Amino acid sequence: METTAVRRSNHGANVKRWREWRNINQDVLAEKIGVSQATLSGYEKRDKLEPEILEKVANALDIPVEAITELNDGTSINIFSGTWKDNAYASGYITYIANINPLEKVIELYERLLKSEQEKVAILQETIQDQK
């Protein structure tokens, strides 16, 4: 007789894994989802969580619900950053897609550089005025 091992996803353990990966303590996550730290601790000990709890936790951790429900014990977490607008997962591991727009980062850097240059110009103008 051949048996097949069924891999189960432990929602509570996955919440804890993602919370720790995000470097968030229980108090902070509990406050974000509107429960006590003790309640969150209880969630992290449960095999299955209700859909509404999963949704709150996923939103607070900024991950898709599937990152909690589809992650199996021993599965690696691979994080990719890009400009994709969807969250995806692949068989055997979870892929979390961060929505980072490189153009926004360039604009942010440009604005900081521009501000720095404007400050330099102001200092030079003051220096010139003082010399007159």
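Conventions adopted
- Residues numbered from 1 in each chain as written.
- Predicted model: local features only at pLDDT ≥ 70, side-chain atom pairs only at ≥ 80, totals over all residues.
- Heavy atoms only, no water.
- Helix = DSSP H or I, 4+ residues; strand = E, 2+ residues; numbered from the N terminus.
- Buried < 20%, exposed > 50% of the residue type's maximum accessible area, 1.4 Å probe, protein only.
- Contact = heavy atoms within 4.5 Å.
- Areas by Shrake-Rupley, 256 points an atom, 1.4 Å probe, with all protein chains shown as cover.
- pLDDT = per-residue confidence, 0-100.
- Salt bridge = Lys/Arg side-chain N within 4 Å of Asp/Glu carboxyl O.
- Core = buried A, V, L, I, M, F, W, Y, C linked by side-chain atoms within 4.5 Å.
- Arc of directions from axis to C-beta.
- Polar contact = N/O pair within 3.5 Å; in protein donor to acceptor, adjacent residues only side chain to side chain.

(A) Region of the structure containing the overall build of the protein chain. Scanning the protein chain for helices and strands turns up 6 helices and 3 strands. When each of the 132 residues of the protein chain is scored for burial, the buried share is 28%. A separation threshold of at least 6 residues defines the contact pool for the protein chain, and within that pool the share at least 24 residues apart is 51%. For the protein chain, the exposed surface amounts to about 9,600 Å²; the carbon and sulfur share of it is 51%.

(B) Here's a closer look at the confidence of the model for the protein chain. Mean pLDDT for the protein chain: 79, with 72% of residues reaching 70 or above. Here residues 1–7 scores under 50 on pLDDT; set against residues more than four positions off or in separate chains, the count is 3 contacts. Segment residues 88–97: pLDDT under 50, and 36 contacts once partners within four positions in sequence are set aside and those in other chains are kept.

(C) A look at the pattern of salt bridges. Under the defined criterion, the tally for this structure stands at 4 salt bridges. For the salt bridge of Glu44 with Arg19, the shortest nitrogen-to-oxygen distance reads 2.6 Å. In this pair, Glu44 sits in the loop between helix H3 (37–43) and helix H4 (51–61) while Arg19 sits in helix H1 (residues 11–21), placing the two residues 25 residues apart along the sequence. Judged by its relative accessible area of 10%, Glu44 is buried. We classify Arg19 as buried; its relative accessible area is 7%. In this structure, the salt-bridge partner of Arg46 is Glu50, at a minimum N-O distance of 2.7 Å. A relative accessible area of 31% means that Glu50 is categorised as partly exposed.

(D) Focus on the nonpolar core. One finds Leu29, Ile33, Val57, Leu61, Ile63 and Ile68 to be the most contacted residues of the largest nonpolar core, which totals 19 residues. Tallying contributions element by element places H4 first for this core, with 6 residues. Not counting the four nearest positions on each side in its chain, Ile68 is found in contact with Ser9, His11, Asn14, Val15, Trp18, Leu54, Val57, Ala58 and Ile63.

(E) Looking closely at H1. Turning to H1, its buried residues number three or more, namely His11, Gly12, Asn14, Val15, Trp18 and Arg19. Here the buried residues of H1 occupy an arc of 160 degrees about the axis, which is enough to place them on one side. Taking the backbone nitrogen of Gly12 as reference, a side-chain oxygen 3.2 Å away marks Asn10 as the first, capping residue of H1. Following H1 by one or two positions, Asn23 has its phi on the positive side, about 60 degrees.

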